[in-house]
Amino acid sequence: MAPVLFDVFVETLTEELRALLIERQLFADDLLSVGDDGTLTQAIACIDRWSAANNMEVNRRKSGVLVISGSA
């Protein structure tokens, strides 16, 4: 039941990310955004704004950015 409640609760966040054309996936109670530096900067700012507006705090210790590069 908790994953469904998470989906309902963050629906407005996913709508905001969709409006910014940010690729996103929800997994149980996690959110994944995919994109280049500019896109991820926008996604992080959007998540921070939404969190503040909804009295939520992003746990930075459990959050991160994974950089995948094709260059050697």
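For the structure given in this document, a descriptive report is provided here. (Residues numbered from 1 in each chain as written. Predicted model: local features only at pLDDT ≥ 70, side-chain atom pairs only at ≥ 80, totals over all residues. Heavy atoms only, no water.)

In this section: the overall build of the protein chain. The secondary structure content of the protein chain amounts to 3 helices and 2 strands. Each principal axis of the C-alpha distribution contributes one length, and for the protein chain these read about 45 × 20 × 20 Å. Relative to its 72 residues, the protein chain shows a buried fraction of 19%. In the protein chain, of all internal contacts separated by at least 6 residues, the share reaching a separation of at least 24 is 30%. When the accessible surface of the protein chain is totalled, it reaches about 5,700 Å², and 57% of it is carbon and sulfur. Put simply, the protein chain has 6 plus and 11 minus side-chain charges, and the middle of one group is 4 Å from the middle of the other. (Helix = DSSP H or I, 4+ residues; strand = E, 2+ residues; numbered from the N terminus. Buried < 20%, exposed > 50% of the residue type's maximum accessible area, 1.4 Å probe, protein only. Contact = heavy atoms within 4.5 Å. Areas by Shrake-Rupley, 256 points an atom, 1.4 Å probe, with all protein chains shown as cover. Lys, Arg positive; Asp, Glu negative; His and termini not counted. Charge placed at Lys NZ, Arg CZ, Asp CG, Glu CD.)

Listed in full, the 9 residues of the largest apolar core are Phe6, Val10, Leu13, Leu17, Ile22, Ala43, Cys46, Ile47 and Trp50. Going through the elements one at a time, α2 (11-19) and α3 (37-53) are the ones with two or more residues in this core. It is α3 that provides the largest number of residues to this core, a total of 4 residues. (Core = buried A, V, L, I, M, F, W, Y, C linked by side-chain atoms within 4.5 Å.)

It is worth spelling out unusual backbone geometry at this point. The residue Leu21 is not glycine, and still its phi comes out positive at about 60°. By secondary structure assignment, the location of Leu21 is in the loop between α2 and β1 (23-27).

This part takes up the side chain of Ser51. With respect to the helices, strands and loops of the structure, Ser51 is situated in helix α3. Setting aside residues up to four positions removed in sequence, Ser51 forms contacts with Met56 and Val58.

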